[in-house]
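What the coordinates show
Each chain, written out:
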Amino acid sequence: MKILGISLGHDTNFSLIQDGQIIEVYEAERFYRQKRYKLHAFLGKNEIISGFQVVKINDLIETLLHIKDSWGGVFDFIAVQNQGRVDEFKALETILNNLQFKFKSIENYAHHICHASSVYFTSPFDQSLILSFDGAGNDGQTLLFQAKDNKIKYKKNYPIKFGQSYNNLGYIVGLNPDIAGSTAGKLMGLTSYGELRTEWIKNAEHYINKYQKIYPKIKSDTLNKYGKHHVINSKSFSNIKEFRSNYLKKDIISKIFSRLNFINNPLKLGGDKDKLAQDLAKTVQHTWSNEVLKIIRSASSLSENFCIVGGCALNGITNYKIEKENIFKNIHYIPNPTDCGLSIGAALLSFYKNSNLKFKGYKDFFSPYLGGYAYDLKNINEYKNQYSFIDLKKENVCEKIAKAIQQDAIIGIIKGRYEIGPRALGNRSILCNPLNLKMRQILNEKVKKREWYRPFAPVSTVEESKLYFTNDNEIPYMSVICDVKNEYKNKIPAVTHVDGSARLQTVSKNSNEFLWNIINEFKKLSGFPILLNTSFNPGGEPILNYCHVGLSMLDKTDLDFVLIDDTVFCKKTNTEKLKKYFL
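Summarised in this report is the structure supplied together with it. Sequence order as written defines residue numbering, which begins from 1 separately in each chain. Local features are withheld for residues below a pLDDT of 70 in this predicted model, meaning they are given only at 70 or higher, and side-chain atom pairs are given and counted only at 80 or more; totals for whole chains, interfaces and linings count all residues. In computing side-chain values, all of the structure's heavy atoms are included and hydrogens and water are not.

Moving on to the overall build of the protein. Within the protein, the secondary structure is distributed over 18 helices and 22 strands. The size measure is the radius of gyration over C-alpha atoms, and the globule rule it meets is 2.2 Å times the number of residues to the 0.38 power. A compact globule built from 583 residues would reach a C-alpha radius of gyration of about 25 Å, and the protein, at 24 Å, matches this within 12%. Seen through its C-alpha atoms, the protein measures out along the principal axes to roughly 70 × 60 × 50 Å. The buried label goes to any residue with under 20% of its type's maximum accessible area, the exposed label to any with over 50%, and the partly exposed label to all in between, with areas taken from a 1.4 Å probe on protein chains only. Counting across all 583 residues of the protein, residues that qualify as buried make up 60%. Exposure was quantified through the Shrake-Rupley algorithm and a 1.4 Å probe, taking into account, for residues, occlusion by the shown protein chains and nothing else. Total accessible area on the protein is roughly 23,500 Å²; 49% of this is exposed by carbon and sulfur atoms. In this count, Lys and Arg are taken as positive residues and Asp and Glu as negative ones, while His and the chain termini are left out. Charge positions are represented by NZ for Lys, CZ for Arg, CG for Asp and CD for Glu. Seen as two clouds, the 79 positive and the 59 negative side-chain charges of the protein have centres 4 Å apart. Helix numbers and strand numbers start at the N terminus; a helix is a DSSP run of H or I with at least 4 residues, a strand a run of E with at least 2.

The definitions used throughout rest on a 1 Å grid laid over the protein atoms alone, on which a cavity is an enclosed set of points accommodating a 1.4 Å probe that cannot get out and a pocket is an open set flanked by protein within 12 Å on both sides along at least five of seven lines; lining residues are those having an atom within 4 Å of a point. Grid points are joined across faces, edges and corners, and a volume is the space filled by probe spheres set on the points. Space inside the second largest pocket adds up to approximately 630 Å³. If you go around the second largest pocket, you meet 28 residues; those closest to its centre are Ile331, His332, Asn473, Glu474 and Pro476. Elements with a minimum of two residues in the lining of the second largest pocket: α10 (316–324), β12 (330–332) and β19 (505–507). For the lining of the second largest pocket, the leading source of residues is β12, giving 3 residues. Considering only residue class, the lining of the second largest pocket consists of 13 nonpolar, 10 polar and 5 charged. For this classification, the nonpolar set comprises Ala, Val, Leu, Ile, Met, Phe, Trp, Tyr, Cys and Pro, the charged set comprises Asp, Glu, Lys and Arg, and every other residue, Gly included, is treated as polar.

Turning to the environment of Ile405, a few remarks are in order. Along the polypeptide, Ile405 turns up in helix α13 (residues 397–406). Taking relative accessible area as the criterion, Ile405 reaches 0% and is therefore assigned buried. Residues Ile405 and Leu143 lie 262 residues apart in sequence; the distance between their C-alpha atoms is 44 Å. Discounting residues that sit within four places of it in the chain, Ile405 has contacts with Ile411, Leu431, Cys432, Asn433, Ile518, Phe522 and Leu531. Between two residues, a contact is recorded if the distance between any of their heavy atoms is within 4.5 Å.

Moving on: the side chain of Asn433. Considering the arrangement of structural elements, one finds Asn433 in the loop between β15 (429–432) and α14 (439–447). Under this definition, polar contacts are N or O atom pairs within 3.5 Å; protein pairs additionally need one hydrogen-donor-capable and one acceptor-capable atom, and for neighbouring residues in sequence, both atoms have to be side-chain atoms. Side-chain polar atoms of Asn433 contact the side chain of Asp408, separated by 3.0 Å. Here Leu435 takes part through its backbone nitrogen, which lies 2.9 Å from a polar atom of the side chain of Asn433. Leaving out residues up to four positions away in the same chain, Asn433 has contacts with Ile405, Gln406, Asp408, Met439, Ala494 and Phe522.

Turning our attention to the sheet that holds strand β20 (residues 530–535). Paired strands, as defined in this entry, are two strands with at least two bridges between them according to DSSP. Spatially, the 8 strands line up as an open sheet ordered β13-β22-β21-β14-β15-β20-β16-β19, and their pairing is mixed. A single partner strand is all that each edge strand has here, and the edge strands are β13 (388–391) and β19. When strand polarity is set aside, the average angle formed by the axes of neighbouring strands in this sheet is 30 degrees. The angle between two axes is taken between their N-to-C directions and runs from 0 to 180 degrees, where each axis is a line fitted to C-alpha atoms and a helix contributes only its stretch in contact. Lying over the sheet, α14 contacts β15 and β20, oriented at roughly 140 degrees with respect to β15.

On to the pairing of strand β21 (residues 561–564). Of the two faces of β21, the one lined by Phe561 and Leu563 and the one lined by Val562 and Ile564 are each fully buried. In this structure, strand β14 (residues 411–414) lies alongside β21, joined through 4 bridges in parallel fashion. Within β21, the position partnered with Ile414 by the bridge is Ile564. When β21 meets strand β22 (residues 567–570), the two strands line up antiparallel, connected through 3 bridges. Counterpart to Leu563 in the pairing with β22 is Val568. With antiparallel pairing between neighbouring strands as the criterion, β21 and β22 make up a hairpin whose turn holds 2 residues, including Asp565 at a positive phi of roughly 55 degrees.

Next up on the list: empty space enclosed by the protein. One water molecule sets the probe size; rolling that probe over the atoms shows where empty space is left. Within this structure, the stated rule accounts for 5 cavities of 30 Å³ or more. Roughly 60 Å³ of internal volume is contained in the largest cavity. By residue class, the composition of the lining of the largest cavity is 9 nonpolar, 1 polar and 1 charged.

Moving on, we get to a nonpolar patch on the surface. Taken together, the side chains of Ile49, Val54 and Leu223 present a nonpolar region at the surface, about 180 Å² in accessible area. Judged by its relative accessible area of 31%, Val54 falls in the partly exposed class. Two distance rules govern patches: like charges are joined within 9 Å, and nonpolar side chains (Val, Leu, Ile, Met, Phe, Trp, Tyr) within 5 Å, applied only to residues with over 30% relative accessible area and no salt bridge. The term salt bridge refers to a pairing of a side-chain nitrogen on Lys or Arg with a carboxyl oxygen on Asp or Glu at a separation within 4 Å.

All right, on to the packing of aromatic side chains then. Each pair of aromatic rings taken from Phe, Tyr and Trp, with Trp reduced to its six-membered ring, is defined by centres within 6.5 Å and is described as stacked if the planes are under 30 degrees apart, edge-to-face if over 60, and tilted in the remaining cases. Applying the stated criterion across every chain, the model contains 33 aromatic pairs. Look at Trp200 and Phe243: their rings are 5.0 Å apart centre to centre, the planes differ by 55 degrees, and that puts the pair in the tilted class. In this pair, Trp200 is assigned in the loop between α6 (184–190) and α7 (201–210) and Phe243 in the loop between α7 and α8 (252–259), connecting sequence segments 43 residues apart. Phe243 matches Trp200 in its accessibility class, with the two residues each being buried. Between Tyr352 and Phe359, the aromatic rings sit 5.4 Å apart at their centres with planes inclined by 80 degrees, giving edge-to-face as the arrangement.

Attention shifts here to the sheet that holds strand β3 (residues 21–27). Taken together, the 5 strands give an open sheet; going across it, the order is β3-β2-β1-β6-β7, and neighbouring strands pair in mixed fashion. Looking at which strands have only one partner, the edges of the open sheet turn out to be β3 and β7 (102–108). The sheet shows a mean angle of 20 degrees between the axes of neighbouring strands, taken without regard to direction. Where strand β1 (residues 2–7) and strand β6 (residues 74–81) come together, 5 bridges link them in parallel fashion. The residue bridging Ile6 from the neighbouring strand is Val80, located in β6. Docked against the sheet, helix α2 (residues 57–71) engages β1, β2 (13–18), β3 and β6, running at close to 20 degrees with respect to β2.

Our focus in this paragraph is the nonpolar core. Put simply, buried Ala, Val, Leu, Ile, Met, Phe, Trp, Tyr and Cys residues joined by side-chain atoms within 4.5 Å make one nonpolar core. Of all hydrophobic cores here, the largest spans 132 residues; its most connected members are Ile130 and Ile152. Top contributing element to this core by residue count: helix α9 (residues 275–298), with 9 residues. With 30 residues, the next largest nonpolar core counts Trp71, Val80, Phe89 and Ile106 among its residues.

Here we take up the packing of helix α5 (residues 162–173) against α9. Taken N-terminus to C-terminus, the directions of α5 and α9 make an angle of 175 degrees; their axes are 10 Å apart at the nearest point. For the element pair α5 / α9, the angle class is roughly antiparallel. Across the interface between the two elements, Phe162, Ser165, Tyr166, Leu169, Ile172 and Val173 of α5 pack against Ala277, Leu280, Ala281, Val284, Gln285, Trp288, Glu291, Val292 and Ile295 of α9. Classifying every residue of the contact of α5 with α9 by side-chain character gives 12 nonpolar, 2 polar and 1 charged. When describing relative orientation, an angle under 35 degrees is termed roughly parallel and one over 145 degrees roughly antiparallel, while 65 to 115 degrees is termed roughly perpendicular and anything else oblique.

The next point concerns the pattern of salt bridges. As enumerated under the stated definition, the model contains 26 salt bridges in all. Residues Asp178 and Arg36 are paired through a salt bridge, measuring 4.0 Å at the closest nitrogen-oxygen approach. Here Asp178 is found in the loop between α5 and α6, whereas its partner Arg36 is found in the loop between α1 (28–32) and β4 (47–50), with 142 residues between them in sequence. The class for Asp178 is buried, based on a relative accessible area of 18%. Given a relative accessible area of 21%, Arg36 falls into the partly exposed group. Among the ionic pairs, Asp560 bridges to Lys577, the shortest N-O distance being 2.8 Å. Of this pair, Asp560 sits in the loop between α17 (547–556) and β21 while Lys577 sits in helix α18 (residues 575–582), placing them 17 residues apart in sequence. By sharing partners, the salt bridges in this structure join Glu195, Arg197, Glu199, Glu242, Lys275 and Asp279 into a single network.

Next comes the structure, spelled out in structure tokens:
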């Protein structure tokens with residue numbers, strides 16, 4: 001049975017499912033080089049404004065023609081997630097028919113049950129409790145599901161808006177949002193700099209449980225990039241005296257009325273270096289995790305297995321707390337828990353509904369390397385004319401790369417198919433030396449060009465990770481933020497965050513033999529089976545899937561080398577360095 005999964009809206013993605021197996025995933029942001037890229041279906045217009053983006057109908061048509069060319073145009077079923085937008089669903093069906101796609105039926109599934117499907121039907125379990133929580137869905141925001149065999153049932157829908165409150169906190173703190181208006185990823189990194197203020201916990205509990213989004217009074221066709229029109233809701237913190245000089249409305253009447261919660265007087269703290277901002281971030285993160293735990297504990301008797309999904313499932317701090325509580329015997333994560341995984345969820349729902357087969361657990365390791373090969377790989381010879389290069393022997397690639405890293409080279413990797421989801425897991429990564437104290441500053445300032453406080457992730461082998469980190473289980477997708485063991489915090493400083501934590505990835509020979517081999521070669525040279533692993537992308541862009549984009553970073557940043565399959569490149573002025581490291 002062949003099924004095409006489609007998820008429209010931000011993080012647009014498509015999936016090909018064959019007999020219950022995920023064959024390939026296409027993420028629109030990788031092709032169009034804009035984070036959270038949207039495609040929508042509509043008729044009678046060339047473009048519309050949708051939130052942070054001008055959406056062009058030709059982009060959808062171009063993508064569908066690419067899908068048809070790559071995966072074929074004949075499917076048993078087409079499964080769609082689009083937040084229940086009926087007119088858009090009808091328009092999509094018309095467009096598919098006009099492009100001569102053939103299918104028995106096209107089906108529409110709700111947002112969170114697609115999330116639940118994406119994590120359950122890729123798990124090794126035949127029954128499980130599932131938590132799905134994010135910013136918003138047409139079937140809720142925080143939901144528990146119970147799954148057994150091929151059925152997933154809604155268990156409870158909670159009014160708590162975990163995703164919205166966490167994102168709004170970033171605005172209160174004073175962080176700069178991404179193009180889609182999200183602050184969550186940056187905020188999580190900042191929490192480690194703060195101190196827990198126990199006297200604020202009651203305020204934080206009220207904020208998380210009672211938060212309501214205040215929608216801006218703008219026309220529906222107004223472009224809202226980088227959260228320009230976001231309205232801060234900070235009512236829960238109005239009685240904290242330390243914040244009284246930080247409200248945007250300074251007049252006495254506004255201050256008094258806001259303390260009484262009669263009006264919304266937005267609180268905006270001083271940004272990432274402000275101690276109050278850091279402490280508030282820490283305190284709300286602590287409380288946020290505890291509120292998630294309350295929900296999970298309330299249903300823990302339903303299963304010894306647990307799946308967690310939705311945008312909030314990227315919160316590795318909370319995930320680690322869940323693991324340390326030992327509430328469940330087994331926990332399953334996926335590399336793409338955000339909306340970029342919804343097409344998989346829709347397609348798998350369709351497969352198990354229409355095949356009526358029992359689900360007995362996904363038997364293989366759920367590989368994240370389900371994206372496509374680099375779009376412009378065919379132009380490799382053209383790039384060899386533009387840059388200095390050396391073709392390495394396959395058997396020597398890992399040894400040569402490890403040696404260069406040990407000598408503090410910073411290397412971008414484009415190898416095989418890309419990893420799906422928002423974390424770079426070795427095939428579209430920048431790899432470098434975790435032992436170098438200055439490496440984090442070099443990367444933030446001269447390569448990634450991002451905020452000073454944001455940490456970098458270690459990647460280690462499954463076999464040896466527990467010698468250096470406090471992880472209890474494998475972490476193949478960077479889903480859990482554990483700690484670096486005390487005796488190694490000063491030895492791997494580039495991947496040890498300010499509070500001693502680390503967003504670890506563990507890799508096995510089975511999951512990524514190439515990366516596993518580099519790590520082991522690096523250990524032979526340095527004594528440590530650990531590398532620094534960060535996403536390969538220009539600042540502000542999604543993880544790349546174009547060779548020319550990676551190569552351009554040789555010219556625009558302090559990136560030393562780019563490895564494309566077995567060929568290593570550098571800019572022509574670095575030719576001698578290339579020869580020194582790789583000949």
